[in-house]
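If you want the building blocks of each chain, they are given just below.
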Amino acid sequence: MATQAKRPRVAGPVDGGDLDPVACFLSWCRRVGLELSPKVSERAGGRRTRGGARAALTSPPAQVAVSRQGTVAGYGMVARESVQAGELLFVVPRAALLSQHTCSIGGLLERERVALQSQSGWVPLLLALLHELQAPASRWRPYFALWPELGRLEHPMFWPEEERRCLLQGTGVPEAVEKDLANIRSEYQSIVLPFMEAHPDLFSLRVRSLELYHQLVALVMAYSFQEPLEEEEDEKEPNSPVMVPAADILNHLANHNANLEYSAAWPQLLPFTSELSSDGSHSAHS
């Protein structure tokens, strides 16, 4: 699927009532073994962990708060005080990732993997998200609270067709979006919806929605990560995307001051190498 232009994200999709979503998220990180630097808090923090990878500062920005204030859009990590270059921000164990393998219906998705094959390769993850989003006891619920509000995503695929063609004429984006939308509809109608209807105990009527499926595809486009193949695996198909709590509120555009790394010495971590960025004063997903 074509990469979509990104716009600011807004509130998360989970109603946390009177509870502070950031405090709940940081508490959840501790419970699931996602190791945050002691400097990370709602107000000022320093380093952080990523679902199966390590993030370390490559230039001395500041201690990092998980906050909406001072970010490009939505929740991000904001530099407040100096942090040493190379200082560890966070470590995310594989068990904290949200994927087709770690979700509560992972066994079913694995058994049905042949039937769930698609052009995008994303169907198992998207089904995992559809199931976990509706589950009141989902272990990722505090993570969902920091997501953008799904009904207010502003990717070009959600623009009126006329606006898309007028504003993006000549860029190739309108054509790519139309192709994506056709593929998404086909994937949903031929694979996803029949699977959910075959398992009504796992997928409520609330999540059997093409509109919601569109929104989750856009979220995966913008916020997921892929585990890279080993050199000897270069001929294989790319690995399926995964959602990585903590890493997806770091910005991965502009001039980076945080590196996301994988250490082979930590087999429980997601093998992933990528540079996640900020503008030097803050780090936020855009």
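Residues numbered from 1 in each chain as written. Predicted model: local features only at pLDDT ≥ 70, side-chain atom pairs only at ≥ 80, totals over all residues. Heavy atoms only, no water.

All right, on to the packing of helix α6 (residues 173–198) against helix α7 (residues 210–223) then. In contact at an axis separation of 10 Å, α6 and α7 are set at 120° when each is read in the N-to-C sense. Taken together, the axis directions place α6 and α7 in an arrangement best described as oblique. Between α6 and α7 the crossing geometry is right-handed. Where α6 approaches α7, its residues Asp180, Leu181, Ile184, Arg185, Glu187, Tyr188 and Val192 are matched on the opposing element by Leu210, Tyr213, His214, Val217 and Met221. (Axes fitted to C-alpha atoms, helices over the stretch in contact; angles between N-to-C directions. Helix = DSSP H or I, 4+ residues; strand = E, 2+ residues; numbered from the N terminus. Parallel < 35°, antiparallel > 145°, perpendicular 65-115°, else oblique. Left-handed = near helix turned anticlockwise from the far one by under 90°. Contact = heavy atoms within 4.5 Å.)

Per-residue pLDDT for the protein averages 78, and the proportion of residues at 70 or more is 71%. Low confidence marks residues 1–12, where pLDDT is under 50. Its contacts with residues over four positions away, or in another chain, come to 51 contacts. Under a pLDDT of 50 for its full length, residues 265–286 has, in the predicted model, 114 contacts with residues more than four places off or in other chains. (pLDDT = per-residue confidence, 0-100.)

Throughout the structure, instances matching the rule amount to seven aromatic pairs. Ring geometry for Tyr143 and Trp147: centres 5.7 Å apart, planes at 80°, overall edge-to-face. A residue is classified by how much of its surface remains accessible, and Trp147, at 3% relative accessible area, is buried. Connected via pairs of aromatic rings, a cluster forms that spans Phe25, Trp28, Tyr143, Phe144 and Trp147. Above the ring of Trp140, the side-chain terminus of Arg139 is found at 4.9 Å from the ring centroid. (Phe/Tyr/Trp six-rings, centres within 6.5 Å; stacked < 30°, edge-to-face > 60°. Buried < 20%, exposed > 50% of the residue type's maximum accessible area, 1.4 Å probe, protein only. Lys NZ or Arg CZ within 6 Å of the ring centre and 35° of its normal.)

What follows concerns the packing of helix α3 (residues 123–134) against α6. Between α3 and α6, whose axes approach to 11 Å, the crossing angle comes to 45°. Of the possible angle classes, the one that applies to α3 and α6 is oblique. In the packing of α3 onto α6, the handedness of the crossing is right-handed. For the pair α3 and α6, contact is made by Val123, Leu126, Leu127 and Leu130 and by Glu187, Ile191, Val192, Phe195 and Met196, respectively. For the contact of α3 with α6, the residue count by class is eight nonpolar, no polar and one charged. (Nonpolar A, V, L, I, M, F, W, Y, C, P; charged D, E, K, R; others polar.)

Further remarks concern the side chain of Ser67. Following the sequence through the fold, Ser67 ends up in strand β4 (residues 64–67). For Ser67, a relative accessible area of 9% translates into the label buried. In terms of polar contacts, Ser67 uses its side chain to reach the backbone amide nitrogen of Gln69, at 2.9 Å. (Polar contact = N/O pair within 3.5 Å; in protein donor to acceptor, adjacent residues only side chain to side chain.)

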